[in-house]
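Descriptive structure summary
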Amino acid sequence: MNPRFRSVFIRVMRRWVLIFLGFEVLAFSLLGTNFFSLDTLQNILVSSTIVLLLAVGETFVIITGGIDLSVGFMVGFTGVVCAKIMVTLQAAGTTQAMAIAAGIAAALLVGLLPGFINGFLVAHLKVPPFIATFGMYGIAYGCAEIICNNVPIHDLPSAVGPIGHGFLFFWLPGKMFRVFVEPTGLSSVDFQHLITIIPNLSALALVFVLVFGFILAKTRFGRHTYAIGGNIDAAERAGIDVKRHLVKVYMISSFFASLAGVCYVLRYITGRAPAGSAQVLDAVVAVVIGGASLYGGKGSVSGTFVGAMVLTTLVLGLANLALPTYYAYIAVGCILIFAVLIDQFSPELVHKED
Amino acid sequence: MEPILEVRNITKRFGGLVAVDNVDMKVYPGEVVGLLGDNGAGKSTLIKMVSGVYRADAGKVFFGGKEVKIDNPMQALRMGLETIYQDLALAENLDVYSNIFLGREKLKRFLGLVNVLDHGHMLAESRKVLNRLDIEVPSLRNRIRTLSGGQRQAVAISRAIYWNAKFIIMDEPTAALGVAEQKKVLGLVRTLSSQGVGIIIISHQLLDVFSVATRLVIMRRGKKVAERITAETSMDEVVGLIVGSVPGDLANANGESPKPSAVGPVMTTSSRSRPHQETTRRRPSPSGH
């Protein structure tokens, strides 16, 4: 191969995950029914919310060379806390807005604690991340079941559903355009033609994804995160407070898990202890497909975003083709192994983080 | 003149093992001191106490005439006390300029809101400092992983000299280098010392140490066994002190009279190969290589 062609080839192949995503969309659009539409694409985006949030938090941890397994049950734990407080406050007679805001705020605050403990165990007490966060995984699940008495929490404030299923924009071409508030009293024909743009949950998730993507790529905090994953001794000797940094990184991960817990409550209008437990591995897979290495030092939020989209598109696309879900497991397993093989054998093809 | 760095009665224990035992050492501005000793003699542990990686269990450190507490590496760096480690301590997944500025990144304001990394400034400054070293590094955007041993060494040294260090500790600075690069590094050591920088150099390459150091401190099993003016000793004596066949000052031995003319090429080669019978009895090195 001549060098010029080779360099172009490498540059293209570095984006193989993106190419794969395009291929998925193309294939499902051709084979499926009504797959290539605004609704489906937005459905992919909103369905990916929980995996995406978990994966972005996990990206920080994995870049430092660790792993956070606690995030799965953290979704259930913070979701239960969120729902419980909403229900309790509503029963006590506060306004819906107050109850919802307090529930969300409490979940986000409470969610920082497990992250702090994880970080403290890993950084200060030198517990292997796998063990520390696996322990927290069980603890979070147990606490969640205690809080909800082993039954899902229902009867949330009635405004929760419209928020979780709402969109930023509603557009009826030629007739009306609304921001955030769903129009009521439409004729059934108008209702069919109503175009809904950007799901609320996706907007919420994307704001945090963008902010933390920026932090990882552009700031000193991000640079130190990569340095710790690359060579923890070098980072320490260069004067970086590695312990403190690791605690922050695990707190970021549990913060994202709490956000995912809140999103779960808003979308499914319930708080369940086991919520999200199935998503931990999906999140790790999304991070790895996105170019990170479990050895640390590599990865990016943009890569993770694409990784999460690849997974969700696959699951929804196979569902669109009316294939059973277990085909998705096989496909995801294959992509994961493929991603790691590429990382192993062609390091020059690995997605660059800057 | 006052010493730029002085350690008094410094001691470090790892469990029951006394890695550094009651050591005194002084370095004056512009002086190059060779710190010698076999593996496990405590050299690396001693310098890690000065650079803030380890905390001393006992003893005092004076820097620029004042007693200082060095609890972490950043404190040492802020004082102008830089260390180039044997294993170089570079983040291999980051590029050259990110390593030179690691921990002390240059920031700029983004949209008047947040501080972001100033890549342009760090790139330009890194280029300047590498040019001073006269070691070719293909691109400063390359990751450390892609560089040769000599280029990595250049990056590690650049990182130390960029911050206008008053004092530099070099742990095996020539170990990974080719002959030409070794010469450049030794030349740099001389330049830095002529600018008034105090330097401690640790090396197993006695020839290198003898060519740049004016004074030698020899350690054995955690203790400082001898101190010699380079011009007044010989490689044979120093090797003897290192392995213990020449009794050190602690044992009240008389130093042999130096015979510089006797240091022929044959002796030089023999002095560089370390005796093997010693290594079997040696305890494991706590410093980790």
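Our structure's up above, just so we're on the same page.
All of the points below concern the structure found in this document. (Residues numbered from 1 in each chain as written. Chains lettered and ligands numbered in written order. Predicted model: local features only at pLDDT ≥ 70, side-chain atom pairs only at ≥ 80, totals over all residues. Heavy atoms only, no water.)

Comments concerning the overall build of chain A
Regarding its fold elements, chain A presents 17 helices and three strands. With the C-alpha coordinates aligned to their principal axes, the bounding extent of chain A is approximately 65 × 50 × 35 Å. Out of the 354 residues belonging to chain A, those deemed buried represent 50%. Excluding contacts between residues fewer than 6 apart, the proportion of contacts in chain A whose partners are at least 24 apart in sequence is 77%. In the structure as shown, chain A presents an accessible area of about 16,200 Å², 69% of it carried by carbon and sulfur atoms. Computing the positive centroid from 20 side-chain charges and the negative centroid from 16, chain A places the two 9 Å apart. (Helix = DSSP H or I, 4+ residues; strand = E, 2+ residues; numbered from the N terminus. Buried < 20%, exposed > 50% of the residue type's maximum accessible area, 1.4 Å probe, protein only. Contact = heavy atoms within 4.5 Å. Areas by Shrake-Rupley, 256 points an atom, 1.4 Å probe, with all protein chains shown as cover. Lys, Arg positive; Asp, Glu negative; His and termini not counted. Charge placed at Lys NZ, Arg CZ, Asp CG, Glu CD.)

Looking at the overall build of chain B
Along the backbone of chain B there are nine helices and twelve strands. When the 289 residues of chain B are sorted by exposure, 54% land in the buried category. Partitioning the intrachain contacts of chain B with sequence separation of at least 6 by distance along the chain shows that 67% fall at a separation of at least 24. Total accessible area on chain B is roughly 13,000 Å²; 51% of this is exposed by carbon and sulfur atoms.

Some remarks on the packing of helix α4 (residues 49-63) of chain A against helix α14 (residues 242-268) of chain A
Residues and elements named next belong to chain A. Look at α4 against α14: their axes get within 8 Å of each other, and the N-to-C directions meet at 175°. Considered as vectors, α4 and α14 are oriented roughly antiparallel to each other. Facing α4, whose interface residues are Thr49, Ile50, Leu53, Leu54, Val56, Gly57, Glu58, Phe60 and Val61, α14 presents Val249, Tyr250, Ile252, Ser253, Phe256, Ala257, Leu259, Ala260, Cys263, Tyr264 and Tyr268. Of the residues belonging to the contact of α4 with α14, the class tally is 16 nonpolar, three polar and one charged. (Axes fitted to C-alpha atoms, helices over the stretch in contact; angles between N-to-C directions. Parallel < 35°, antiparallel > 145°, perpendicular 65-115°, else oblique. Nonpolar A, V, L, I, M, F, W, Y, C, P; charged D, E, K, R; others polar.)

A word on the sheet that holds strand β5 (residues 66-68) of chain B
All names here are of chain B. Pairing within the open sheet is antiparallel, and its four strands lie in the order β2-β1-β4-β5. Two strands in the sheet have a free side with no partner beyond their single neighbour: β2 (17-27) and β5. Neighbour to neighbour, the strand axes of the sheet diverge by 30° on average, direction disregarded. As judged from the five bridges shared by strand β1 (residues 5-14) and strand β4 (residues 58-63), these two strands associate in the antiparallel manner. Residue pairing in the sheet places Arg8 in a bridge with Lys60 of β4. Strand contacts of helix α1 (residues 43-50): β1 and β2, with the helix running at about 115° to β1, the strand carrying the most contacts. (Pairing = 2+ DSSP bridges.)

Notes on helix α6 (residues 96-110) of chain A
When the terminal C-alpha atoms of α6(A) are compared, their 21 Å separation across 15 residues agrees well with the 21 Å that a helix rising 1.5 Å per residue should span. If you follow the buried residues of α6(A), they end up packed against α5 (71-91), α7 (112-123), α9 (160-165) and α14 of chain A. (Expected span 1.5 Å × (residues − 1).)

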